[in-house]
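Below are the chains, spelled out letter by letter.
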Amino acid sequence: MDNNEVKKAYDILADEQFSIDSILEETENKNDSEAEELQLANTIYSFLTSYKKTPSLQDKEALRKQLRFSVQREKRRKAFARWAVAASFFIVAFSVWQIQRNSTQTDFNNRVETLQLSHPDSATQLILQDGRQVLIAEEESNILYDEKGENITIDSTQKITQLVAAKKPVYNTLVVPYGKRTHITLADGSKVWLNSGSKLIYPATNTGNKREVYIDGEAIFDVKHIDGKPFYVKTKDFEIKVLGTVFNVNAYKDDKISGTVLAEGKIEISPNNTTLFRNEKRTILPGTRIVYNPNKETFEETQVNVKNYLSWREGYLILEKVPLETILRKLSRYYNVNIELQSPAIGKETFSGNLNLKNTAEEVLNIIAETTQISINKENNNLIINLN
């Protein structure tokens, strides 16, 4: 069918306001390609060649219906094809995402799973890559790695050596029980202060194209910036991408909420429930506290005095209208003592002031009792809190 025949077919159907353009407009398909136009013209031509004379009005109406059906069928076919392509793209994208996600199941992830099943001892435990456990009895300990991660010094008196691979990252684990604290300097020069009842998985070497740690508990990080080696802090609820900064992370497994407070620099935080279609990220600036709400699966930001969240590193607490239940939970972990509330209402009382953690647990609680409506009794190894 040549161009003259196509034009002839158009001309025949052009009278009485019956044209290809009107049919295409009715079907909202004005942007058909040349191939589709040729297909329609062929349909017209096939109809015309079945007649020896100009078609009647009835014939034209029949052709109108035939063309409309043909166009609509073609639209349905194309729509289905588009959906098939979209579905194929989704399957491919999801598969790639899943492969990338599964590829991260390294020794680091295996250690995280093992860590969640571990139980703290009475002494601080340093667990090496080869399974060796080093016990540290001191309440306040200091651990220092050399640049290669091969030599570890504990409190300047104990030296440990471990074999490390040249390129493969090596991870160690630190478990700090209640009543103990530890300061650790990593192989890359970053410093971490671990509070009581905390667990940390961290790279013992400075290899690989990224640095990642996992924290269950509370820690203050002072991260050394290294170009091309981003630092990630992972918790049970969220992940922090660090850009060389100082911040506090509070993410105890048995606490309902977890969060971070930024003192210096900048961090990027995202929830663990990130999916292919949901990828919330927030950039945090100094003076900001961000808390993860597990019920809403969202972050909540407030402006705070960061000193209040870093002071435990120096051996004291700065508190501003903090509920007693929160304070007592901190003290219970810090001193490794059992503190019981006789009534839930006591926990809603608030306290403001400074607490010297070099004092005993009873001495600290007596300071709180002086400005609140509580009294402290000791029964066996338990501290019982009552309302006056």
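Just above, that's the structure.
Here is a short report on the structure shown in this document.

What counts and what doesn't
Residues numbered from 1 in each chain as written. Predicted model: local features only at pLDDT ≥ 70, side-chain atom pairs only at ≥ 80, totals over all residues. Heavy atoms only, no water. Helix = DSSP H or I, 4+ residues; strand = E, 2+ residues; numbered from the N terminus. Buried < 20%, exposed > 50% of the residue type's maximum accessible area, 1.4 Å probe, protein only. Contact = heavy atoms within 4.5 Å. Areas by Shrake-Rupley, 256 points an atom, 1.4 Å probe, with all protein chains shown as cover. Salt bridge = Lys/Arg side-chain N within 4 Å of Asp/Glu carboxyl O. 1 Å grid on protein atoms, 1.4 Å probe; cavity = no way out; pocket = protein on both sides within 12 Å on 5 of 7 lines; lining within 4 Å. Points joined across faces, edges and corners; volume = space filled by probe spheres on them. Nonpolar A, V, L, I, M, F, W, Y, C, P; charged D, E, K, R; others polar. Expected span 1.5 Å × (residues − 1). Pairing = 2+ DSSP bridges. Axes fitted to C-alpha atoms, helices over the stretch in contact; angles between N-to-C directions. Arc of directions from axis to C-beta.

**As for the overall build of the protein chain**
Counting its regular elements, the protein chain contains eight helices and 23 strands. Considering the protein chain as a whole, with its 388 residues, one finds that 43% of them fall into the buried category. Long-range contacts, defined as pairs at least 24 residues apart, comprise 52% of the intrachain contacts of the protein chain with a sequence gap of at least 6. Surface exposure of the protein chain reaches about 21600 Å², of which carbon and sulfur atoms provide 50%.

**Regarding the pattern of salt bridges**
Opposite charge on two side chains permits pairing when their charged atoms draw close. This structure, assessed with the given rule, holds 15 salt bridges. Close ionic contact of Glu140 with Arg181 constitutes a salt bridge, the shortest N to O distance being 2.9 Å. With Glu140 in strand 3 (residues 140–145) and Arg181 in strand 7 (residues 181–185), this pair connects stretches of sequence that are 41 residues apart. Residue Arg181 is classed as buried on the basis of its relative accessible area of 7%. Glu362 is the salt-bridge partner of Lys378, the closest N and O atoms lying 3.3 Å from each other.

**Focus: unusual backbone geometry**
The phi torsion at Lys321 lies on the positive side, around 50 degrees, for a residue other than glycine. Tracing the sequence through the fold places Lys321 in strand 19 (residues 316–323). According to the relative accessible area criterion, Lys321 is exposed, its value standing at 68%. Despite not being glycine, Asn336 has its phi angle at roughly 55 degrees, a positive value. For Asn336, the location among the structural elements is in the loop between helix 7 (324–335) and strand 20 (338–341). Judged by relative accessible area, Asn336 falls into the partly exposed class, the value being 48%.

**Brief notes about the layout of surface pockets**
Over the atoms rolls a probe the size of a water molecule, and in doing so it shows where empty space is left. Quantified by volume, the second largest pocket comes out at close to 750 Å³. Considering the residues around the second largest pocket, the lining is formed by 34 residues, among which Asn250, Arg289, Tyr309, Thr326 and Lys330 are closest to the centre. Secondary structure elements with two or more residues in the lining of the second largest pocket: strand 13 (246–251), strand 14 (258–264), strand 17 (288–293), helix 6 (307–310), strand 19 and helix 7. Of the residues contributing to the lining of the second largest pocket, the split by class is 15 nonpolar, 10 polar and nine charged.

**Thoughts on helix 7**
For helix 7, with 12 residues, the first-to-last C-alpha span of 16 Å sits near the 16 Å given by 1.5 Å per residue. For helix 7, the complete set of buried residues consists of Leu324, Ile327, Leu328, Leu331, Ser332, Arg333, Tyr334 and Tyr335. Where helix 7 ends, the next residue or the one after it, Asn336, has phi of about 55 degrees, a positive value.

**Some details on the sheet that holds strand 20**
Here we have three strands laid out as an open sheet, ordered 20-23-22, and mixed in their pairing. Both outer strands of the open sheet, strand 20 and strand 22 (374–379), are each paired with one neighbouring strand and no more. Across this sheet, the average inter-strand angle for adjacent strands is 25 degrees, counted without regard to direction. Relative to strand 23 (residues 382–387), strand 22 runs antiparallel, the two sharing six bridges.

**Topic: helix 8 (residues 361–371)**
Each α-helix turn comprises 3.6 residues. Residues three or four places apart therefore point the same way. When helix 8 is considered as a whole, its buried residues turn out to be Ala361, Val364, Leu365, Ile368 and Ala369. For helix 8, the angular spread of buried residues about the axis comes to 145 degrees, placing them on one side. Projecting away from the buried face of helix 8 at angles above 90 degrees are the exposed residues Glu370 and Thr371. Among the structural elements, helix 7, strand 20, strand 21 (350–356), strand 22 and strand 23 are those in contact with the buried residues of helix 8.

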